[in-house]
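# Architecture and fold: a report
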Amino acid sequence: MALEALAARLQYYADLGDADRDQLLALGGKPRGFAANAELVSAGEPMDAVLVMREGWAARYKELEDGRRQILNILLPGDIFDLQVLVAAEADHGVFAITAGSLYAIPPGAVRDLLAGSGALTMAFWWTQVQEEAFLREQIVRNGRQSARERIGHLLLELHRRAQIVNLANGDAMRLPMTQTQIADTLGLTPIHTNRVLRRLVREGYIETNRQWIRFVDADALAAICDFDPAYFHLDAFRMRLGRG
């Protein structure tokens, strides 16, 4: 069913009734498939739809004139590319596909009408933006103040927690389809240094890797050395607001 991943994510942030959920799923949107490494959005191009990840991984990025690239964050199923399409006509950053997958393209007017008619959905979409800003703050601190070892450990734990939310993680393991160059571009490192740090984390017993899979052998110890605290995900916000915490 269309937009199930988005509905599952939004329910972390608001008490969606059957009517809210039905309205959200009824948005549908036109599915668009994409191949790995495809350019999904180019900076400066007009945006005519709200794009929601259906399956696969993608990444937001900015690129300098000399070709150097900074990955801003990773998009997983249920993530919205950017709600700025509701108020702006052009993309201010690019998005490329890490893996093959698909997305939904929803007319902006349909999203505006949906939010105007449902307070619960408006609150849920607002909380997703709060979370996006929290991810950005962590990225700034991670790249600005942490060591390479801390950056990589923190990013891996963040991706694992996010994968759990959308049922892409199997207990303490997850598929990590990012190349070491993509990890390096996310964290402001070189691919060679990224490779060295990953091998060190394996050698020290924090993680195990096998092709595109990673398993956390001692996630608590890894969290301790890189100051990872998932409170910035705000996953308890809904329960605390309703007195369920």
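Residues numbered from 1 in each chain as written. Predicted model: local features only at pLDDT ≥ 70, side-chain atom pairs only at ≥ 80, totals over all residues. Heavy atoms only, no water.

### Focus on the overall build of the chain
What counts, and what does not: To qualify as a helix, a DSSP run of H or I must reach at least 4 residues; to qualify as a strand, a run of E must reach at least 2; elements of each kind are numbered from the N terminus. The quantity called the radius of gyration is restricted to C-alpha atoms. Its globule counterpart is 2.2 Å times the number of residues to the power 0.38. Burial here depends on accessible area, computed with a 1.4 Å probe over protein chains only, as a share of the maximum for the residue type. Under 20% is buried, over 50% is exposed, and the range in between is partly exposed.
Counting its regular elements, the chain contains 9 helices and 11 strands. Its C-alpha atoms give the chain a radius of gyration of 18 Å, near enough to 18 Å, the size a compact globule of 245 residues would have. C-alpha extents for the chain along the principal axes are approximately 55 × 50 × 30 Å. Relative to its 245 residues, the chain shows a buried fraction of 49%.

### Points about the environment of L24
The criterion, for reference: Only heavy atoms matter for contacts: two residues are in contact if any of them lie within 4.5 Å across the pair.
Considering the arrangement of structural elements, one finds L24 in helix α2 (residues 18-26). Separated by 90 residues in the primary sequence, L24 and L114 have C-alpha atoms spaced 7.5 Å apart. Beyond its immediate chain neighbours, meaning those up to four positions away, L24 contacts L3, L6, A7, L10, L114, L121 and F125.

### Overview of the sheet that holds strand β11 (residues 213-216)
Pairing between sheet strands relies on hydrogen bonds along the backbone, with the strands arranged either parallel or antiparallel. Which entries qualify depends on this criterion: Note on pairing: two strands pair once DSSP finds at least 2 bridges between them.
Strand order in the open sheet formed by 4 strands is β8-β9-β11-β10, with antiparallel pairing between adjacent strands. For this open sheet the edge positions go to β8 (169-170) and β10 (207-210), each flanked by a neighbour on one side alone.

### Considering the side chain of R151
To be explicit about the condition: As used throughout, the charge tally considers Lys and Arg to be positive and Asp and Glu to be negative, leaving His and the chain termini uncounted. Salt bridge, as applied in this entry: a Lys or Arg side-chain nitrogen positioned within 4 Å of an Asp or Glu carboxyl oxygen. Polar contact criterion, stated in full: a pair of N or O atoms within 3.5 Å, where within protein one must be able to donate a hydrogen and the other to accept it, and residues adjacent in sequence count only if both atoms are side-chain atoms.
Among the secondary structure elements, R151 is positioned in helix α5 (residues 148-165). Nearest to the buried, unbridged R151 among oppositely charged side chains is E150, at 7.2 Å. A polar contact is formed between the side chain of R151 and the backbone oxygen of R142, at a distance of 3.5 Å. In terms of polar contacts, R151 uses its side chain to reach the backbone carbonyl oxygen of N143, at 3.4 Å.

### Observations concerning the nonpolar core
Using the following cut-off: What is meant by a nonpolar core is a set of buried Ala, Val, Leu, Ile, Met, Phe, Trp, Tyr and Cys residues, joined one to another through side-chain atoms within 4.5 Å.
Counting residues in each nonpolar core, the largest one holds 82 residues, and the members touching the most others are L24, V50, I74, F81, F125, L176 and I207. No other element matches the 8 residues that α5 contributes to this core. In this structure L176 touches W57, L156, L159, I183, Q212, W213 and I214, once residues within four positions along its chain are discounted.

### Quick look at the pattern of salt bridges
Evaluated as defined, the whole model comprises 10 salt bridges. Note that R54 is salt-bridged to E55, the shortest N-O span being 3.2 Å. Put simply, R162 and D79 hold a salt bridge, and the shortest N to O gap is 2.5 Å. Within this pair, whereas R162 is found in helix α5, its partner D79 is found in the loop between β5 (69-75) and β6 (94-97), the two being separated by 83 residues in sequence. Here R162 matches D79 in class, with each residue buried. Connected through shared salt-bridge partners, R149, R200 and E204 make up one network.

### Let's talk about the packing of aromatic side chains
To keep it simple, the criterion reads: Under the pairing criterion, centres of Phe, Tyr and Trp rings, with the six-membered ring standing for Trp, must be within 6.5 Å; the plane angle then separates stacked pairs below 30 degrees from edge-to-face pairs above 60, leaving the rest tilted.
Applying the stated criterion to the full structure yields 6 aromatic pairs. Their ring planes at 85° and their centres at 6.0 Å tell us that F135 and Y232 sit as a pair that is edge-to-face. Of this pair, F135 sits in helix α4 (residues 119-145) while Y232 is found in the loop between α8 (219-226) and α9 (237-241), placing the two residues 97 residues apart along the sequence. For the pair F135 and Y232, one class covers both residues: buried. Relative to Y232, the ring of F228 lies with its centre 6.1 Å away and its plane at 85°, an arrangement referred to as edge-to-face. Given the relative accessible area of 9%, Y232 is considered buried. What links up through ring pairs into an aromatic cluster is the set F135, F228, Y232 and F233.

### Some points on the environment of T190
Note that T190 resides in the loop between α6 (180-187) and α7 (191-203). On the basis of relative accessibility, which here comes to 44%, the residue T190 falls in the partly exposed class. Along the chain, T190 and D18 lie 172 residues apart, while their C-alpha atoms are 48 Å from each other. A polar contact of 3.1 Å, which involves the side chain of T190, links it to the backbone nitrogen of H193.

### Quick word on the packing of α5 against α7
Where we set the bar: Here the axes come from fitting lines to C-alpha atoms, over the contacting stretch only for helices, and the angles between their N-to-C directions go from 0 to 180 degrees. Any angle that is under 35 degrees is reported as roughly parallel, and any over 145 degrees as roughly antiparallel; angles of 65 to 115 degrees are reported as roughly perpendicular and all others as oblique. Lys, Arg, Asp and Glu make up the charged group, whereas Ala, Val, Leu, Ile, Met, Phe, Trp, Tyr, Cys and Pro make up the nonpolar group; the residues left over, Gly among them, are polar.
Contact geometry of α5 with α7 gives a least axis separation of 10 Å together with a crossing angle of 70°. Viewed along their axes, α5 and α7 adopt a mutual orientation that is roughly perpendicular. Between α5 and α7, the contacting residues are A148, R149, I152, G153 and L156 on the first element and H193, T194, V197, L198, R200 and L201 on the second. Broken down by class, the residue content of the contact of α5 with α7 amounts to 6 nonpolar, 3 polar and 2 charged.

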